[in-house]
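Notes for the structure review
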Amino acid sequence: MRLKSLNKGFSIGCYAIIFIAAGLFSCRPARHLAEDSYLLNRYRIESPDKDVERDELRTYVRQKPNKRILGLRIHLWLYNIANPEKDSRLHNWLQDIGEEPVVYDPFVTSRSATQIEHYLRNKGYYNARVNDTLNLRGNKAGVSYIVEPGEPYHIASVNHNFEDEGLKDIILADTANSLIRPGIIFDVDVLQDERTRLENYLKNEGYFNFTREHVYFNADTTLGNMSVDLTLGISRFRERQKDGQYVYKPHRKYRIGDVFILPSYSPREAIDRQDDYYPGFDTLVFRDMHYLFKDEMPVSHRVLAQSTFVLPGELYNQENVDLTYSHLFALRQYRLVNIRFAEQESNNPDTSAIPLLDARIQLTPFSRQSYTIEMEGTNSSGDFGFGGNLMYQHRNFFGGAEIFDFKVTGSVETLNEYYSRSFRNTYEYGAEAVLQIPRFLLPIRSISFVRRYNPRTSISMAYNYQLRPDYTRTIANTGFGYSWQGSEYTRHIISPVELNLVRLPYSTPLFDSIIHLYNLEASFRDHLVTETNYSLIFNNQDIRRARDFVYFRFNTETAGNILAAINHGAGRPKTDGHYRVLGTEFAQYIRADIDLRYYRMLYGDNSVVYRFFAGAGLPYGNSTALPFEKKYFAGGANSIRAWQVRSLGPGSFHEPADRSFPNRTADIKLEANIEYRFELFWLIEGALFLDAGNIWAIDDNDRREGAMFRFDSFYKDIAVGTGVGFRLDFSFFVFRLDIGRKLRDPAEPADKRWIPLNRSLDFENDINFNIGIGYPF
């Protein structure tokens with residue numbers, strides 16, 4: 001938004017920031033402390049041993065200084081400017097959003113040192129010593145934890161003690177996978193991991209009742225030389241008898257007996273009716289599994305069978321139980337999935353016979369059909385507006401867990417026209433239908449593939465009508481594609497066939513003259529896109545814990561090759577140098593891009609996000625330019641935020657008359673971003689960011705001066721912007737305001753591109769406000 005009326009507001013905001021910063025530096029952070037108290041200013045951990053992970057040690061420090069944002073204690077400052085003697089909303093609010101001074105406590109400091117020692121001993125450093133030292137400066141305290149870990153104990157030998165001899169051979173046969181072996185540091189955490197590993201291993205071998213509690217360790221440290229003689233023990237199974245007494249028995253393997261699947265299980269009805277609940281069901285037997293239902297099967301038994309890995313006659317296997325849970329939930333049919341096991345009563349006198357476990361798979365479904373009407377804020381590459389959606393969903397459209405979604409949309413967005421410093425509305429209407437099928441239709445229909453990779457087929461159709469100030473455009477789309485889980489962190493998406501028919505029934509004379517001037521007509525003609533695309537997504541985020549993670553997405557697509565081959569093979573003539581299908585030119589190109597992000601988690605809720613994006617598209621054969629919707633652009637709320645959307649580049653191109661919508665797109669894009677995110681107060685989060693990048697043309701026929709990509713000089717065209725952001729996190733969505741400031745503008749003369757070094761700040765041209773929904777990346 002570059003409204004002159006905002007300049008005054010922005011100036012006031014800058015003065016407010018200066019005032020706050022001045023307050024942060026001038027305000028005494030310890031102003032509310034008692035006379036003999038000290039503000040905990042800093043702490044540090046010192047250790048000569050590089051093998052000791054200091055990040056882990058920091059988690060055991062019980063008293064930490066007040067939070068800082070780029071070195072400034074903003075929360076403490078907010079708390080201090082409140083007057084504790086005044087009972088008013090303002091002062092109470094400031095204290096609520098602020099943070100009390102952290103007063104140095106010698107007892108807590110001593111406890112922290114003790115906790116660090118305990119941690120080190122668990123890691124094998126039994127002679128570790130941690131001393132804390134205090135450094136006072138005025139009314140501020142600094143604490144240093146001096147860590148002397150000493151030499152760690154190592155495991156000299158690993159022995160076994162089998163109270164249950166029946167497990168001896170199976171455990172010894174798996175020692176190659178053991179986490180414990182001679183020579184490693186005697187680490188309690190590794191011992192616990194080994195207990196968990198053995199539990200999972202034996203459960204996957206049929207030992208249903210085996211738990212990590214049946215694994216114990218005895219350590220003999222009397223050997224000397226910092227060595228441990230370790231004994232791994234396996235205890236017997238403790239079983240309670242009917243008279244309440246306990247007896248110890250060998251662990252037993254179990255086979256799966258009968259499998260009962262209840263696709264319409266109602267927990268409330270089961271509780272109310274208890275013993276009368278199950279006799280009222282009809283029964284269908286398929287692949288030796290019993291399906292209990294009333295009136296009709298809500299979801300095809302074949303679909304449920306391919307998602308069930310707990311099979312009659314097989315040994316109990318915990319991995320199969322977990323796979324059953326994940327695949328049944330992936331059907332998106334069930335609100336609850338619960339698998340219960342019960343041992344079959346047996347009168348067989350042969351005690352060596354493998355006992356049986358009956359499985360009851362209880363499935364509580366969602367409502368089959370739903371209707372939703374919603375209003376939403378929209379943010380199409382930085383143009384902010386609002387829209388409405390009418391959505392209908394059927395979760396079991398053909399009875400095979402197919403999910404059908406139909407959506408009708410309408411929106412109006414305020415289009416910021418850079419060149420005219422004005423706002424005009426753009427209107428968009430559309431409809432979309434998507435059918436998702438929990439298997440591959442063609443060419444792979446193997447049950448083993450479905451069970452292993454959990455694939456889905458998606459069939460879609462959509463129509464979109466756009467009424468913009470410069471032109472009217474319609475897009476008709478239909479697609480057919482697959483997606484499947486490659487591994488725990490990877491997912492594959494491929495669309496063998498996707499058709500897009502794009503038409504521009506109306507355009508203004510000004511629009512036509514601009515695209516003619518710069519030889520861009522080829523990107524805006526009516527065209528047909530017949531593309532095949534593939535995406536690989538890697539994401540190792542663990543939503544259960546805050547840790548660093550990587551997100552990577554690779555996309556590639558190609559279009560027009562089959563149609564070109566057919567037309568060429570049939571000897572069909574070209575019209576104006578292009579083959580046509582039903583009177584419409586079809587596009588032919590190849591395009592690929594990567595999006596790499598690294599999320600670095602810092603202390604508290606603070607984080608740094610690094611992002612790199614690179615993409616390129618090459619038209620050939622039947623096309624002289626990429627279709628407009630396949631070109632890259634820079635600027636806007638999710639790109640380089642110091643520029644308006646589609647107002648940057650390509651390259652060093654600069655032409656005031658060209659500052660309109662169609663001309664700021666190109667064939668190559670490079671972009672890098674760094675964003676520091678931090679928690680402020682209430683629902684408000686802050687961010688500081690640095691963006692860099694640009695777009696370039698790949699075709700010498702592009703008439704925009706400076707737009708071409710050159711390997712020896714492209715770096716001279718890199719635009720750089722920085723800024724500050726504020727986000728309101730409502731859990732279900734994030735409202736975002738990012739204020740960008742230009743640092744380096746490649747459109748300026750070569751010797752004046754670094755703006756802060758060459759001229760004063762121009763609020764109208766150097767500052768950009770971005771309103772967005774969600775994080776930028």
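No experiment lies behind these values; they were computed from the predicted model shown.

1. So, a nonpolar patch on the surface
Together, Ile373, Leu390, Phe406 and Val408 make up an exposed nonpolar region whose accessible area comes to about 380 Å². Within the secondary structure layout, Leu390 lies in strand β15 (residues 383-394).

2. Brief notes about unusual backbone geometry
Residue Gly649 is joined to Pro650 through a cis peptide bond whose omega torsion reads -5 degrees. Looking at the element boundaries, Pro650 is found in the loop between β26 (607-619) and β27 (668-681). Despite not being glycine, Asp295 shows a phi value in the positive range, around 70 degrees. A relative accessible area of 73% means that Asp295 is categorised as exposed. With a phi close to 55 degrees, Leu582 is a non-glycine residue in the positive phi region. Overall, the relative accessible area of 85% leaves Leu582 in the exposed class.

3. Brief notes about the nonpolar core
Ile261, Tyr291, Leu304 and Leu363 are the most contacted members of the largest nonpolar core, which totals 26 residues. Elements that contribute at least two residues to this core include exactly β9 (255-262), β11 (289-293), α9 (301-306), α10 (318-330), β12 (334-343) and β13 (356-365). No other element matches β13, which puts four residues into this core.

4. Let's talk about the packing of aromatic side chains
Applying the stated rule across the entire model yields 29 aromatic pairs. Ring centres of Phe480 and Tyr482 lie 5.3 Å apart, and the angle between their planes is 75 degrees; on these two criteria the pair is classed as edge-to-face. By relative accessible area, which is 22% here, Phe480 ends up partly exposed. On the numbers, 5.3 Å between centres and 90 degrees between planes, the contact of Phe511 with Phe524 is edge-to-face. Of this pair, Phe511 sits in helix α12 (residues 509-517) while Phe524 is found in helix α13 (residues 521-524), placing the two residues 13 residues apart along the sequence. Residue Phe511 is classed as buried on the basis of its relative accessible area, which comes to 2%. The rings of Tyr371, Tyr392, Phe397, Phe398 and Phe404 are connected pair by pair, giving a single aromatic cluster. A cation over a ring is seen here: Arg646 above Phe633, with NZ or CZ 4.2 Å from the ring centre. In this structure, Lys669 packs its charged tip against the face of Phe633, placed 5.7 Å from the ring centre.

5. Let's talk about the pairing of strand β18 (residues 456-467)
Consecutive residues of a regular strand have side chains that alternate between opposite faces of the sheet. Summarising the sheet, β18 and strand β19 (residues 471-485) pair through 12 bridges and their orientation is antiparallel. Bridge pairing in β19 places Met461 opposite Thr478. Adjacent in sequence and paired antiparallel, β18 and β19 are bridged by three residues.

6. A short note on the confidence of the model for the protein
Per-chain confidence: the protein averages 85 in pLDDT, with 90% of residues scoring 70 or above. Ranking the elements of the protein by mean pLDDT puts helix α1 (residues 4-26) last, at 41, and strand β22 (residues 549-559) first, at 96. Confidence over residues 1-26 falls short of pLDDT 50; this stretch has 35 contacts with residues more than four positions distant or in other chains. Counted against residues more than four places away or in other chains, residues 418-422, with its pLDDT under 50, gives 19 contacts.

7. Here's the deal with the sheet that holds β12
Across the sheet, which stays open at both edges, the five strands sit in the order β10-β11-β9-β13-β12 with mixed pairing between neighbours. What marks the edges here is a single partner per strand, and that holds for β10 (282-286) and β12. Averaged over all pairs of adjacent strands, the angle between strand axes in this sheet comes to 20 degrees, irrespective of strand direction. Direction of pairing for β10 relative to β11: antiparallel, over a ladder of five bridges. Within the sheet, the bridge partner assigned to Phe286 lies in β11 and is Met289. In the packing of α10 onto the sheet, the strands contacted are β12 and β13, and the crossing angle to β12 comes to about 155 degrees.

8. So, the environment of Glu194
Secondary-structure assignment places Glu194 in helix α7 (residues 188-203). Assessed through its relative accessible area of 2%, Glu194 is described here as buried. Separated by 16 residues in sequence, Glu194 and Ser178 place their C-alpha atoms 6.9 Å apart. What Glu194 contacts, discounting residues up to four positions off in sequence, is Ser178, Leu179, Ile180, Phe217 and Leu232.

9. Re the packing of helix α3 (residues 74-81) against helix α4 (residues 89-97)
Direction vectors running N to C along α3 and α4 enclose 155 degrees, while the axes themselves pass 7 Å from each other. As judged from the angle between their axes, α3 and α4 are roughly antiparallel. Of the two possible hands of crossing, α3 and α4 adopt the one that is left-handed. Across from His75, Leu78, Tyr79 and Ile81 in α3, the residues of α4 making contact are His91, Leu94, Gln95 and Ile97.

10. Considering the side chain of Gln393
Mapped onto the fold, Gln393 is located in strand β15. Within the local environment of Gln393, its side chain forms a polar contact with the side chain of Arg395, the two groups lying 3.5 Å apart. With residues up to four places along the chain from it excluded, the contact list for Gln393 reads Arg332, Arg368, Gln369, Ser370, Ile403, Phe404 and Asp405.

11. Overview of the sheet that holds strand β5 (residues 215-220)
Judged by pairing direction, the sheet is mixed, and its three strands sit side by side in the order β4-β6-β5 without closing on themselves. Of all the strands in the sheet, just β4 (154-162) and β5 have a single pairing partner and so form its edges. Going from strand to strand, the sheet's axes swing by 25 degrees on average, the running direction of each strand aside. Here β5 pairs with strand β6 (residues 227-234) via six bridges, running antiparallel. Directly across from Val215, in β6, lies its bridge partner Ile234. Contacts from α7 reach β5 and β6, with the element oriented near 150 degrees to β5.

12. Examining the side chain of Asn673
Considering the arrangement of structural elements, one finds Asn673 in strand β27. Side chain to side chain, Asn673 and Asp691 meet in a polar contact 2.9 Å long.

13. Digging into α10
Taking 1.5 Å of rise per residue, the 13 residues of α10 would be expected to cover 18 Å, and the 18 Å separating its terminal C-alpha atoms lies within 8% of that figure. When α10 is considered as a whole, its buried residues turn out to be Gln318, Asn320, Val321, Thr324, His327 and Leu328. Structurally, the start of α10 carries an N-cap: the backbone nitrogen of Glu319 is 2.8 Å from a side-chain oxygen of Asn317.

14. Here's the deal with the pattern of salt bridges
On inspection of all chains with the given rule, the structure shows 34 salt bridges. Residue Glu117 pairs with Arg121 through a salt bridge whose shortest N-O separation is 3.5 Å. One end of the pair is Glu117 and the other is Arg121, both in helix α5 (residues 106-122) and four residues apart, which spans about a single turn. Assessed through its relative accessible area of 14%, Glu117 is described here as buried. Residue Asp738 pairs with Arg641 through a salt bridge whose shortest N-O separation is 3.2 Å. Note that Asp738 is positioned in strand β30 (residues 734-744) and Arg641 in the loop between β26 and β27, a separation of 97 residues in sequence. Judged on exposure class, the residue Asp738 and its partner Arg641 are both buried. Several salt bridges share partner residues, and in doing so they unite Arg641, Glu675, Arg677, Asp691, Arg727, Arg736 and Asp738 into one network.

Cut-offs applied
Residues numbered from 1 in each chain as written. Predicted model: local features only at pLDDT ≥ 70, side-chain atom pairs only at ≥ 80, totals over all residues. Heavy atoms only, no water. Patch = residues over 30% accessible without salt bridge, like charges linked within 9 Å, V, L, I, M, F, W, Y side chains within 5 Å. Areas by Shrake-Rupley, 256 points an atom, 1.4 Å probe, with all protein chains shown as cover. Salt bridge = Lys/Arg side-chain N within 4 Å of Asp/Glu carboxyl O. Helix = DSSP H or I, 4+ residues; strand = E, 2+ residues; numbered from the N terminus. Buried < 20%, exposed > 50% of the residue type's maximum accessible area, 1.4 Å probe, protein only. Core = buried A, V, L, I, M, F, W, Y, C linked by side-chain atoms within 4.5 Å. Phe/Tyr/Trp six-rings, centres within 6.5 Å; stacked < 30°, edge-to-face > 60°. Lys NZ or Arg CZ within 6 Å of the ring centre and 35° of its normal. Pairing = 2+ DSSP bridges. pLDDT = per-residue confidence, 0-100. Contact = heavy atoms within 4.5 Å. Axes fitted to C-alpha atoms, helices over the stretch in contact; angles between N-to-C directions. Parallel < 35°, antiparallel > 145°, perpendicular 65-115°, else oblique. Left-handed = near helix turned anticlockwise from the far one by under 90°. Polar contact = N/O pair within 3.5 Å; in protein donor to acceptor, adjacent residues only side chain to side chain. Expected span 1.5 Å × (residues − 1).

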